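Tertiary structure, described
Here is how the chains run, residue by residue.
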Amino acid sequence: MSTALGNHILVEFMNCDPNIMNDVAAIERDMVAAAQKAGATVINSTFHHFSPWGVSGVVVIQESHLAIHTWPEYGYAAVDLFTCGEMDAWISFDHLKECFRSTSYSALEMKRGTVNLLTRNDFDMSTMRQKANEWKNPDFYTRNVWFTDKDEDQALSLRFTGDVFYDVQSPFQRVRILESYKYGKMLALDDMVMTTEKDEFHYHEMISHPALFTHGNAKNVLVIGGGDGGTVREILRHDSVEKVTMVEIDGEVINACKEFLPAIAAAFDNPKLELIVDDGIAFLKNAAPESYDIIIVDGSDPVGPAEGLFSVEFYTNCYKALKSGGILVAQGESPKFNEKAFSELNRTLQQIFGKDNAPISLFFVPTYPTGMWSFQYGLKGAQHPKNVSNESSIDAFVAAKGLRYYNSDIHKGSFATPNFVKELVK
Ligand code: SPD
């Protein structure tokens, strides 16, 4: 007969793979599997990724719990395996040691609830037994796993199912398709949300239609980045457009979105599209002058492969490649999340296109940190997008195509600049 109610193993996993120690989805999956492998009934898992790094989480099991706190910068995980009944927690230990690639570890095993020291109460446990049987139903197991897009001081978190549909480390970045409860499947590059099924239209309608309606007769359009395909899908709704060239550096982004986000990647087979998997910065260096009516830079944030998309040299090359009357639109970051990148980009555009030729369009994306985002323009002699006069054709187009964010009021309103933004770009 057991002399204790529970068994508690306190584990030090050292020299673990630091990337795994910072991967909330992998750790949740491994902890749940560690419990199940040892025969536990999983009730719930709650895992969080912290800023700037580290993961904490608990798997509640009918036989007690498994808990973890990681320090990726030390390749270290502190793990508690607390079990009762027949469950053998050393099976969980072995599983986690393998998953974390820990090459040095130690463990301290303690008996918890020594029966000789306790006095047993006399109460009816039959209803609890019934509840425990309900928990054996696998549908009862709930997951609470959070994906966090953040800097040092601010974050946006989405609860996701824990399922990872695509996870590839390309030469440029980690490309993942995850599924969030609120916004459906999402594309994440490294730890940043790029787009989600449920709110992608905010971004893709606003990066394309204001420029196309301001120009009025764009035939030749260049897109740099935009690997999910949402931007070219919107551009190709315009009959005036004869050719779209899209240059995306990372073929893995295109593969992932074609397979798992087909409604966004819907226009890759359009015969007007020339798709080039290559470096957009180098492409523009060699582009023929005065070639494009519109250039759209649908890049990610200014870290990793997209850093060069925020440089003076790159936008000077965009200016040269635009026809007279041409329009540049660039993913402009957030005036509340990335103030520095936001204002530096506007200064660069003012310097190259002229002080009054670098308007900013603000719009909302619920899944980007702070929700407030921008596109920044460079006008090569084009009319100011705020002054569009073709409202009735805009609204007829909106109705015919079933657009869900953009309309003629939004077009004009998005170019109104709050005072704090004016200050940022003065
Ligand atoms: N922090 C997100 C920045 C937006 C990057 N581009 C998104 C790609 C959508 N086509």
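Conventions used here
Numbering of residues starts from 1 in every chain and runs along the sequence as written. For a predicted model such as this one, the threshold for reporting local features is a pLDDT of at least 70, and the threshold for listing and counting side-chain atom pairs is 80 or more; totals across whole chains, interfaces and linings nevertheless cover every residue. The side-chain figures draw on all heavy atoms in the structure; neither hydrogens nor water molecules are used. What counts as a helix is a DSSP run of H or I of at least four residues, what counts as a strand is a run of E of at least two, and both are numbered from the N terminus. Think of it in three bands: residues with accessible area under 20% of the maximum for their type are buried, residues over 50% are exposed, and the middle band is partly exposed, with areas taken using a 1.4 Å probe on protein chains only. Contacts: residue pairs with any heavy atoms within 4.5 Å of one another. In summary, the charge assignment counts Lys and Arg as positive and Asp and Glu as negative, without counting His or the chain termini. Lysine's charge is taken at NZ, arginine's at CZ, aspartate's at CG and glutamate's at CD. The rule for pairing is simple: two strands pair if DSSP sees at least two bridges between them. Comment: axis = line fitted to C-alpha atoms, over the contacting stretch for helices; angle = value between 0 and 180 degrees taken between N-to-C directions. Note on definitions. A residue lies near a molecule or strand when any single heavy atom of the residue is within 4 Å of it. Here a polar contact is taken to be a pair of N or O atoms separated by no more than 3.5 Å, where protein atoms must pair a possible hydrogen donor with a possible acceptor and residues adjacent in sequence count only if both atoms sit in side chains. Only the protein chains shown count as cover for residues, and the accessible areas themselves come from Shrake-Rupley with a 1.4 Å probe. Ten residue types, Ala, Val, Leu, Ile, Met, Phe, Trp, Tyr, Cys and Pro, are classed as nonpolar, four, Asp, Glu, Lys and Arg, as charged, and the remainder, Gly among them, as polar. Oblique is the label for any angle not covered by the other classes, which are roughly parallel (under 35 degrees), roughly antiparallel (over 145) and roughly perpendicular (65 to 115). Each crossing gets its hand from how the near helix is turned against the far one by less than a right angle, where anticlockwise is left-handed and clockwise is right-handed. By convention in these notes, a salt bridge is any Lys or Arg side-chain nitrogen within 4 Å of a carboxyl oxygen on Asp or Glu. Two aromatic rings, drawn from Phe, Tyr or Trp (for Trp, its six-membered ring), form a pair once their centres lie within 6.5 Å of each other, and the interplanar angle then sorts them: stacked below 30 degrees, edge-to-face above 60, tilted otherwise. A ring is scored as having a charge over it whenever the NZ atom of a lysine or the CZ atom of an arginine sits within 6 Å of its centre and within 35 degrees of its normal.

**As for the overall build of the protein**
Assigned secondary structure in the protein consists of 13 helices and 18 strands. A burial count over the protein gives 54% of its 426 residues as buried. Restricting to contacts in the protein with at least 6 residues of sequence separation, those with at least 24 account for 66%. Positive and negative side-chain charges in the protein, numbering 38 and 56 respectively, have mean positions lying 4 Å apart.

**So, the sheet that holds strand β2 (residues 42-49)**
Spatial strand order, β6-β1-β5-β4-β3-β2-β7-β8-β9-β10-β11: 11 strands in an open sheet with mixed pairing. Strands with a single pairing partner mark the edges of an open sheet, and in this sheet they are β6 (104-114) and β11 (192-196). Taken pair by pair, the neighbouring strands of this sheet meet at an average axis angle of 25°, ignoring direction. Bridge count for β2 against strand β3 (residues 55-61) is seven bridges, and the pairing is antiparallel. Counted as the bridge partner of V42 is I61 from β3.

**With respect to the sheet that holds strand β12 (residues 220-225)**
On the basis of which strands lie adjacent, the open sheet formed by seven strands has the order β14-β13-β12-β15-β16-β18-β17 and mixed pairing. Pairing within the sheet leaves two strands with one partner each, and these edge strands are β14 (273-277) and β17 (360-364). Adjacent strand axes in the sheet meet at a mean angle of 15° when their direction is disregarded. Along the sheet face, helix α5 (residues 200-215) touches β15 (292-298), β16 (322-331), β17 and β18 (372-379) and points at about 160° away from the line of β15. The strands touched by helix α9 (residues 312-321) within the sheet are β12, β15 and β16, with β16 carrying the most contacts at an inclination of about 145°.

**A closer look at the site of the ligand**
Around the ligand, the structure places V193, M194, Y203, H204, D228, D298, G299, S300, D301, Q331, Y368 and W373. In the environment of the ligand, a nitrogen atom lies 2.7 Å from a nitrogen or oxygen atom belonging to the side chain of H204. Here a nitrogen atom of the ligand sits 3.1 Å away from a polar atom, N or O, in the main chain of G299. For the ligand, whose unbound accessible area comes to 340 Å², protein coverage reaches 97%. Of all the elements in the fold, those that place two or more residues in the shell around the ligand are β11 and α5. Among the residues making up the shell around the ligand, the classes are represented as five nonpolar, four polar and three charged.

**Details of the packing of α9 against helix α10 (residues 339-353)**
Where α9 meets α10, the axes come as close as 10 Å, and the angle between the chain directions of the two elements is 40°. By the angle class used here, α9 and α10 are oblique. Crossing handedness for the pair α9 and α10: right-handed. Every residue of α10 that contacts α9 at V312, Y315, T316 and Y319 is listed here: L345, T348, L349, Q351, I352 and F353.

**A closer look at the pattern of salt bridges**
Summed over the entire model, instances satisfying the criterion amount to 16 salt bridges. Between K323 and D293 there is a salt bridge whose closest N-O contact spans 3.5 Å. In this pair, K323 sits in strand β16 while D293 sits in strand β15, placing the two residues 30 residues apart along the sequence. A relative accessible area of 29% places K323 in the partly exposed class. A salt bridge links K426 to E423, with the shortest nitrogen-to-oxygen separation between them at 3.0 Å. The exposed category is assigned to E423, whose relative accessible area is 51%. Taken together, the salt bridges that share partners define one network made up of E200, R233, E234 and R237.

**Some words on the side chain of D199**
As for its position among the elements, D199 is in the loop between β11 and α5. Buried and unpaired, D199 has R404 as its nearest opposite-charge partner, separated by 9.3 Å. A polar atom in the side chain of D199 sits 2.6 Å from the side chain of T196. Discounting residues that sit within four places of it in the chain, D199 has contacts with Y183, V365, P366 and T367.

**Quick notes on unusual backbone geometry**
Positive phi outside glycine occurs at E290, with the angle close to 55°. Turning to its location among the elements, E290 is positioned in the loop between α8 (280-285) and β15. Its relative accessible area of 43% is what places E290 among the partly exposed residues. For T370, which is not a glycine, the phi torsion comes out positive at approximately 75°. By secondary structure assignment, the location of T370 is in the loop between β17 and β18. Using a relative accessible area of 34% as the deciding quantity, one classes T370 as partly exposed.

**Observations concerning the packing of aromatic side chains**
Summed over the entire model, instances satisfying the criterion amount to 17 aromatic pairs. Residues F165 and F260 carry aromatic rings whose centres are separated by 5.8 Å and whose planes lie at 45° to one another, so their mutual orientation is tilted. A residue pair is termed long-range when its members are at least 10 positions apart, and F165 in strand β8 (residues 155-169) and F260 in helix α7 (residues 251-260) qualify at 95 residues. A relative accessible area of 31% means that F165 is categorised as partly exposed. Ring pairing ties together the aromatic residues F13, W90, F93, F100 and Y105, which thus form one cluster. Lying over the aromatic face of Y319, K380 brings its terminal NZ or CZ to 4.5 Å of the ring centre.

Read these as layout, nothing more, since geometry by itself doesn't imply function.
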